[in-house]
Amino acid sequence: MSFPLEHLVRPNIRALEPYSCARDEYDGDQALFLDANENPFDTGLNRYPDPHQRALKKALSALKGVPVERMVLGNGSDEIIDIVIRSLCRPGQDNIVVFSPGYSMYEVAAHINEVEVRRLDLTPDFQPDWKGAEAVSDACTKAVFVVSPNNPVGTPVPLADIEAFCARFPAFVVVDEAYVDFSTEPSAVGLLEKYPNLIILQTLSKSWGMASLRLGMCFSHEYLAGVFSKVKAPYNVGGLTQRTALETLSDLSGYREKMEAIKAQRDRLEAMLRACPWFERVWPSQANFVLASSPYFRPLYRYLTEHKVVVRVRDIPPRIPCALRITVGTPEQNDRLEQLLADFRPED
């Protein structure tokens with residue numbers, strides 16, 4: 001597929017000379033570092049982190065099957081979303097397409113950067129409206145954002161549909177796979193080699209349990225990864241984050257054990273909510289949460305909050321009216337939720 005990568009990047013970003021530091025020119029570990037005006041006394045924190053996150057990228061490359069050259073890391077996926085929009089979209093001229101319900105940070109980042117947002121409803125089966133996206137797009141559309149599995153429903157987008165859209169869409173397709181590790185649908189990373197307009201976002205916050213670290217991943221064409229690397233701040237991923245992430249990623253058996261536990265508790269949570277008389281509909285989920293609608297969603301939310309159980313209200317018409325999104329907890333946490341739901345009375 002021929003795709004005009006360079007022409008879809010903002011001209012000033014193409015010409016950007018990124019910030020450069022001496023660590024860009026020296027990639028060894030042992031040296032007398034007198035280049036960055038750091039405190040010379042070793043505290044374990046006195047040196048700036050590797051601006052290229054070399055060791056962490058190497059570990060992630062092995063885990064994800066993505067070459068390091070196609071990878072950009074950020075301070076959470078939110079930073080990467082902002083970098084993508086800033087790199088591609090000219091303020092006051094370009095636009096992006098998003099689907100509702102979805103992740104609101106695409107719109108927030110677009111508005112901060114003075115980029116128009118064209119929002120479409122998901123289809124009734126909670127899939128992207130591909131034809132609608134093509135219909136509302138024009139020469140100034142730089143990207144369509146797709147979430148798979150969807151948040152807040154937990155419905156994955158078939159990989160074949162993503163591929164078909166990438167093959168015919170003349171701009172970028174950004175696939176946010178924050179919850180992909182919980183899904184039976186495979187990641188789109190296998191399509192990167194074939195489709196230069198594909199950008200994939202992933203995170204270590206969900207399945208790997210590193211939300212506090214704020215570490216997001218972007219996989220894309222090598223040229224585009226280079227552009228994003230120019231735009232990001234030079235030390236955007238801290239040293240503690242890099243070291244902690246490397247340590248956590250080394251425990252693959254522990255990761256798999258926790259993932260199986262989450263999936264088992266997800267099945268239990270779905271069954272629990274379906275059996276509960278307060279809920280009208282429970283959507284099957286391939287994420288680490290379950291969405292359920294209820295005519296009592298407001299009093300239920302207040303009741304749970306009063307008992308120190310915090311869930312998320314999701315009232316997003318027309319697709320999702322009157323619903324609560326509940327994250328999968330531990331067995332003990334789900335025991336507590338089950339007891340509270342059994343004790344709830346709408347008239348209270």
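Worth saying up front: this structure is predicted, and the values here are computed from it rather than measured. (Residues numbered from 1 in each chain as written. Predicted model: local features only at pLDDT ≥ 70, side-chain atom pairs only at ≥ 80, totals over all residues. Heavy atoms only, no water.)

**Regarding the sheet that holds strand β10 (residues 312-316)**
Part 1 of the reasoning: Reading across from one edge, β8-β9-β11-β10 is the order of the 4 strands in this open sheet, with antiparallel pairing throughout. Two strands lie at the open edges of the sheet, namely β8 (281-282) and β10, each paired on one side alone.
Part 2 of the reasoning: As judged from the 5 bridges shared by strand β9 (residues 289-293) and strand β11 (residues 320-327), these two strands associate in the antiparallel manner. Bridge assignment links F289 to a residue of β11, and that residue is T327. (Pairing = 2+ DSSP bridges. Helix = DSSP H or I, 4+ residues; strand = E, 2+ residues; numbered from the N terminus.)

**So, the pairing of strand β7 (residues 216-219)**
Part 1 of the reasoning: In β7, alternate side chains face the same way, and those of G216 and C218 on one face and M217 and F219 on the other are all buried.
Part 2 of the reasoning: The pairing of strand β1 (residues 71-74) with β7 spans 4 bridges and is antiparallel. Residue M71 lies in a different strand from β7, and its bridge partner there is F219.
Part 3 of the reasoning: As paired strands, strand β6 (residues 198-203) and β7 are joined by 4 bridges and run antiparallel to one another. (Buried < 20%, exposed > 50% of the residue type's maximum accessible area, 1.4 Å probe, protein only.)

**A short note on the pattern of salt bridges**
Part 1 of the reasoning: What the rule picks out here adds up to 15 salt bridges.
Part 2 of the reasoning: In this structure, the salt-bridge partner of R90 is D94, at a minimum N-O distance of 2.8 Å.
Part 3 of the reasoning: R90 sits in the partly exposed class, given a relative accessible area of 27%.
Part 4 of the reasoning: What makes D94 buried here is its relative accessible area of 1%.
Part 5 of the reasoning: Salt-bridge contacts for E134 lead to R168; the nearest nitrogen and oxygen are separated by 3.0 Å. Residue E134 is found in helix α5 (residues 130-136), and its partner R168 is found in helix α6 (residues 159-168); the two are separated by 34 residues along the sequence.
Part 6 of the reasoning: For E134, a relative accessible area of 30% translates into the label partly exposed.
Part 7 of the reasoning: On the basis of relative accessible area, R168 is assigned to the partly exposed category, the value being 41%.
Part 8 of the reasoning: Bridged by salt links that share partners, the residues R90, D94 and K142 form one connected network. (Salt bridge = Lys/Arg side-chain N within 4 Å of Asp/Glu carboxyl O.)

**Comments concerning the nonpolar core**
Part 1 of the reasoning: Within the largest apolar cluster, 50 residues are counted, with the highest numbers of intra-cluster contacts made by L60, L73, V144, L198 and L204.
Part 2 of the reasoning: By size, the runner-up hydrophobic cluster in this structure holds 33 residues, among which are I83, V98, A110 and V174. (Core = buried A, V, L, I, M, F, W, Y, C linked by side-chain atoms within 4.5 Å.)

**A short note on the environment of L73**
Part 1 of the reasoning: Structurally, L73 is set in strand β1.
Part 2 of the reasoning: We classify L73 as buried; its relative accessible area is 1%.
Part 3 of the reasoning: C-alpha of L73 to C-alpha of L215: the two residues are 142 residues apart in sequence and 6.9 Å apart in space.

**Looking at the side chain of D176**
Part 1 of the reasoning: Of note, D176 is situated in strand β5 (residues 172-176).
Part 2 of the reasoning: Buried and unpaired, D176 has K206 as its nearest opposite-charge partner, separated by 8.8 Å.
Part 3 of the reasoning: Here the side chain of D176 touches Y106 through a polar contact of 2.6 Å, side chain to side chain. (Lys, Arg positive; Asp, Glu negative; His and termini not counted. Polar contact = N/O pair within 3.5 Å; in protein donor to acceptor, adjacent residues only side chain to side chain.)

**Topic: the UniProt feature "domain: Aminotransferase class I/classII large" (unreviewed entry) in the protein chain**
Part 1 of the reasoning: UniProt records the feature "domain: Aminotransferase class I/classII large" (unreviewed entry) for residues 43-337 in the present numbering.
Part 2 of the reasoning: Along residues 43-337, the helical share is 38% and the strand share 20%, with 44 Å between the first and last C-alpha atoms. (UniProt positions renumbered as here; feature names shortened; annotations may be inferred.)

**Topic: the sheet that holds β7**
In sheet architecture, strand pairing relies on hydrogen bonds along the backbone and comes in two forms, parallel and antiparallel.
Part 1 of the reasoning: The 7 strands are arranged β1-β7-β6-β5-β4-β2-β3 in an open sheet whose pairing can be described as mixed. Each having just a single partner strand, β1 and β3 (116-121) make up the two edges of the open sheet. When strand polarity is set aside, the average angle formed by the axes of neighbouring strands in this sheet is 20°.
Part 2 of the reasoning: Sheet analysis places strand β2 (residues 95-100) next to β3, joined by 6 bridges and oriented parallel. Across the sheet, V98 pairs through a bridge with R119, a residue of β3.
Part 3 of the reasoning: Running at roughly 120° to β1, helix α2 (residues 54-64) makes contact with β1, β6 and β7 of the sheet. (Axes fitted to C-alpha atoms, helices over the stretch in contact; angles between N-to-C directions. Contact = heavy atoms within 4.5 Å.)

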